[in-house]
Amino acid sequence: MGRYFFRRFLYSLLTIWLIASVTFFMMHAIPGGPFTREKAIPDEILRVIEAKYNLDAPLYEQYFDYLKGLVTFDLGPSFQKVGTSVNDLIVAGFPNTAKVGFFAILAIIVIGVPVGIVSALKQNKPLDYIVMFGATLGVTIPSFVIATVYIYIFAGKLGWVPPFGLRNAVSYIGPMIALSGYSLSFVARLTRSSMLEILRADYIQTARANGLSEYSVIAKHAVKNAVIPVITYLGPTIAAIMTGSFVVERIFAIPGIGRYFVESVTNRDYTTIMAVTVLYATIYVFMVLLVDIAYALVDPRIRFEKEKA
Amino acid sequence: MNNILLEVSNLRTSFYSHLGEIQAVRGASFQLEKGKVLGIVGESGSGKSVSALSVMGLIQEPGKVKEGSVINFLGRDLTSLSNKAMSKIRGNDISMIFQDPMTSLNPVYSIENQMVEVIQRHQTITKKAAKERAVEMLKLVGIPQPEKRIKNYPHQFSGGMRQRVMIATALSCNPQLLIADEPTTALDVTIQAQILELMKDLKTRISTSIIIITHDLGVIAEICDNIVVMYGGTIMETGTEQDIFYNPQNPYTVGLHQSIPKMNVDEKARLVPIKGSPPDLLHPPIGCPFAGRCPHAMQICLEEQPPTFSISENHTSACWLLHEDAPKVGDYITAEVVSE
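What counts and what doesn't
- Here the residue index of a chain counts from 1 through its sequence in written order.
- Labels follow written order: the first chain is A, the first ligand is 1, and so on.
- Confidence filtering applies because this is a predicted model: local features only for residues at pLDDT of at least 70, side-chain atom pairs given and counted only at 80 or more, and all residues used for totals across whole chains, interfaces and linings.
- Calculated side-chain values reflect all of the structure's heavy atoms, with hydrogen atoms and water omitted.
- Each helix is a run of DSSP H or I of at least 4 residues and each strand a run of E of at least 2, with the numbering of both proceeding from the N terminus.
- Residue burial is assigned from relative accessible area. The probe radius is 1.4 Å, only protein chains are included, and a residue is buried under 20% of its type maximum, exposed over 50%, and partly exposed in between.
- Under the convention used here, a 1.4 Å probe and the Shrake-Rupley method define accessible areas, while residue burial counts only the protein chains that appear.
- Charge convention: Lys and Arg are scored as positive, Asp and Glu as negative, and His as well as the terminal groups of each chain are ignored.
- Taken as the charge location is NZ of Lys, CZ of Arg, CG of Asp or CD of Glu.
- Restricting the calculation to C-alpha atoms gives the radius of gyration, and the globule rule supplies 2.2 Å times the number of residues raised to the power 0.38.
- The contact definition used throughout considers only heavy atoms, calling two residues in contact when any of these lie within 4.5 Å.
- Interaxial angle, 0 to 180 degrees, is taken between N-to-C directions of lines fitted to C-alpha atoms, where a helix line uses only the stretch in contact.
- For classification purposes, an angle smaller than 35 degrees is called roughly parallel, one larger than 145 roughly antiparallel, one from 65 to 115 roughly perpendicular, and anything else oblique.
- In this scheme, a crossing is called left-handed if the near helix is turned counterclockwise away from the far one by less than a right angle; it is called right-handed if the turn is clockwise.
- In this count, Pro and Cys sit with the nonpolar residues alongside Ala, Val, Leu, Ile, Met, Phe, Trp and Tyr, while Asp, Glu, Lys and Arg are called charged and the others, Gly among them, polar.
- Stacked, tilted and edge-to-face are the three classes assigned to paired rings of Phe, Tyr and Trp, where Trp is represented by its six-membered ring and a pair needs centres within 6.5 Å; plane angles under 30 degrees give stacked, over 60 edge-to-face, the rest tilted.
- Whether a charge sits over a ring comes down to the Lys NZ or Arg CZ being within 6 Å of the ring centre and within 35 degrees of the ring normal.
- Scored from 0 to 100, pLDDT records how confident the predictor is in each individual residue.
- At least two DSSP bridges between two strands are needed for those strands to be called paired.
- Two cysteine sulfurs form what is called a disulfide whenever their separation falls within 2.5 Å.
- Throughout, nonpolar core names a set of buried Ala, Val, Leu, Ile, Met, Phe, Trp, Tyr and Cys residues whose side chains join them through atoms within 4.5 Å.

(A) Layout of the overall build of chain A. A tally of regular secondary structure across chain A gives 14 helices and zero strands. Starting at the N terminus and walking to the C terminus, you meet the elements of chain A as α-α-α-α-α-α-α-α-α-α-α-α-α-α. Structurally, chain A occupies a C-alpha span of about 85 × 60 × 30 Å along its principal axes. Burial status across chain A gives 47% buried among its 309 residues. Accessible area for chain A stands at about 16000 Å²; split by element, carbon and sulfur atoms hold 70% of it. Looking at chain A, you have 27 positive and 20 negative side-chain charges, and the mean spots of the two groups are 10 Å apart.

Laid out in structure tokens, this is it:
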């Protein structure tokens, strides 16, 4: 098992390198550069600036320089915010994004999964209909609508929460709802349908036939099987949420890194593009690895096959 | 008559679908004596599995055991018990094993985990003692190296071995009654024989009474003391193994016999299938459920359900041909049964 995961770890590094390389060359293939302005900068000045940032060097040289920086965790200077390094931007923004993201993920797991289970147990009863109606809304209403309505009601009309920023505990609630709304609803639906399928499984009938209590039949025998597809979904979702959302961070004015995903591309801010891409790729790849570990813990069949592999 | 372990009378179980009431079992009555083996035979949809699940109290929504049904188990009417009270009986006094051993064990828990849970549910013993009991049961059903194998997960066992594990679990609390619902159907033929051999062996070694449900007369031929033949949710014929095999008194039973291959018959002779298909239990027939497929059907068979005629002490058959006014089809039955 240890060897398997060591190998998977190496594959993960390889994946991140591939993503970084593809992004690097694609980014340079887009017309324009970090210093292209509507009001054209005189050629001489542009050349000086490009020389300063080494942008006049051949692309392969820039590429190897970049990789060198990456392995030493030096992401380079920001082209937009003169005097700050990309490392500073990430270090300043990522904790805010991660804090909100963590609570959103917590909500997805702690609320989404139990709600799905209860809904399945009450299939075709009023509670099930209400929950599934809510979940359908959650999946279909965009996060910016949820965020705007939330601010309008709770910050504007009622004044219970601050309209922006992360100043106190209650200020986390809004971003958490907006960020988790879709995935929470999706997880509830996924858990419900998975649970309904498992409840019809033969081994559930066996568990009942062996006289196990209804609590054990559900909580022990059904749930562990039912969460397997949910785990699969959660891996990429956690990566996406931990790296923030442009829309949600913009509306709630959270100084996170979500905005860099959009701003850096429109600005051709090469180093920032690379930083957020590599960060997202890293979290994604390791979440997938984590999902595989979780699989092996939940499902012995997978453990067995991997040992043989 | 104090020897009766289970007495089912007038069992009616229906499923309420959006199409209407599907009457899966329509007034079945049978009984089982202590220490005996009862076979319930019938084709798909005859109500045999639903009868067994009704006894277990395992009929799930939208199904329901209807009013008036009595399932008397050692003096208690099981239909009146709550699900909680029933769960104390299930696995402890009455156990059940199912058709498909490949899917009947929970894939994410080890055999030890699953067996110990059942034993500890019904007996107040330590985990260690429960494990010892589980190992002992696995040994009894012929699992090699039970101390080692108990740590394995279901996917590490073959189908036949899984059915042995199912049987071991079912018998681990010394139930008075074991219900085996098509225990060999999903297994290949050599494994079928092994499992049947095991059940025959267990029958002599433990005091558990057994109900075997099957569509295959061959399966129950050697192991059963008494046989119930079910069709269309009703009981067609009951009798001892001798009665059903050598003196069947119901055209449906005869049809079943004719449709199974036999060793000592001319190899060019064709099997005689029962023509047609079973009745629609959403709109069950008014008369005898078999009338539409019966070669001897009369007018009354379509109009009125036949009463149960008693042929001998243990042998009964629901067929109008046994009425004293019925035309004598003569030895329509014995003539077609190949004596062995």
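Next, the rest of the story.
(B) Representation of the overall build of chain B within the structure. Across its full length, chain B holds 12 helices and 13 strands. Here chain B has a C-alpha radius of gyration of 21 Å; the compact-globule value for 340 residues is 20 Å, and the two agree. Its C-alpha atoms give chain B principal-axis dimensions of about 65 × 50 × 40 Å. When the 340 residues of chain B are sorted by exposure, 51% land in the buried category. Put simply, of all contacts in chain B between residues at least 6 apart along the chain, 64% involve residues at least 24 apart. Of the roughly 15700 Å² that chain B leaves accessible, carbon and sulfur atoms contribute 51%. Looking at charge distribution, chain B has the averaged site of its 31 positive side-chain charges lying 10 Å from that of its 36 negative ones.

(C) Representation of the packing of helix α4 (residues 86–121) of chain A against helix α13 (residues 270–298) of chain A in the model. Residue and element names in this part refer to chain A. At a minimum axis separation of 10 Å, α4 and α13 run at an interaxial angle of 50°. With respect to their mutual orientation, α4 and α13 come out oblique. Regarding α4 and α13, the two cross each other, and that crossing is right-handed. Residues V86, L89, I90 and F94 of α4 form the contact with α13, whose own contacting residues are T271, T272, A275, V276, L279 and I283. In terms of residue class, the contact of α4 with α13 is built from eight nonpolar, two polar and no charged.

(D) Focus on the packing of aromatic side chains. Residue and element names in this part refer to chain A. With the rule as written, the count across this model stands at 23 aromatic pairs over all chains. Grouping aromatic residues by their ring pairs yields a cluster made of F24, F25, Y63, F64 and Y66. Of note, R167 hangs over the ring of F164, and the distance from its end group to the ring centre comes to 5.2 Å.

(E) Looking closely at the environment of G32 of chain A. Residues and elements named next belong to chain A. Tracing the backbone through its elements, the reader meets G32 in the loop between α1 (2–29) and α2 (43–52). Placed 125 residues apart in sequence, G32 and K157 show a C-alpha to C-alpha distance of 46 Å. Excluding residues that lie within four positions of it along the chain, G32 makes contacts with R268 and Y270.

(F) Molecular detail of the confidence of the model for chain B. Residue and element names in this part refer to chain B. In the predicted model, chain B carries a mean pLDDT of 89, and the fraction of residues at 70 or more is 96%. The low-confidence segment residues 331–340, where pLDDT is below 50, has 20 contacts with residues more than four positions distant or belonging to other chains. Interface confidence for the predicted complex, given as ipTM, is 0.88, next to a pTM of 0.84.

(G) Summary view of the sheet that holds strand β12 (residues 309–310) of chain B. Residue and element names in this part refer to chain B. A sheet is described by the order of its strands in space; here eight strands give the open sequence β7-β8-β9-β3-β10-β11-β13-β12, paired in mixed fashion. The open sheet has two edge strands, β7 (94–97) and β12, and neither has a second partner. Sheet analysis places strand β8 (residues 177–181) next to strand β9 (residues 209–214), joined by five bridges and oriented parallel. What sits directly across from A180, in β9, is I212. Together, β3 (37–41), β7, β8, β9 and β10 (226–231) form the strand contacts of helix α1 (residues 48–56), whose direction differs from that of β7 by roughly 145°. Against the sheet, helix α11 (residues 251–258) makes contact with β3, β10 and β11 (234–240), and its axis sits at roughly 100° relative to β10, the strand it touches most.

(H) Highlighting the state of the cysteines. Residue and element names in this part refer to chain B. In total, this model carries zero disulfides over all chains according to the counting rule given. C301 supplies the cysteine sulfur nearest to C288, a cysteine that is in no disulfide, at a spacing of 6.0 Å. Take C288: its relative accessible area is 12%, and that puts it in the buried class.

(I) Inspection of the nonpolar core at higher detail. Grouped together as the largest cluster of nonpolar side chains are 93 residues, with contacts concentrated most on L6, I179 and I211 of chain B. Those residues in contact with I179 of chain B, other than ones at most four positions away along the chain, are A52, V55, M56, I94, S95, M96, I97, I211 and I213 of chain B. One finds I90, A155, I218 and A222 of chain A within the second-largest nonpolar core, a separate group that totals 80 residues.

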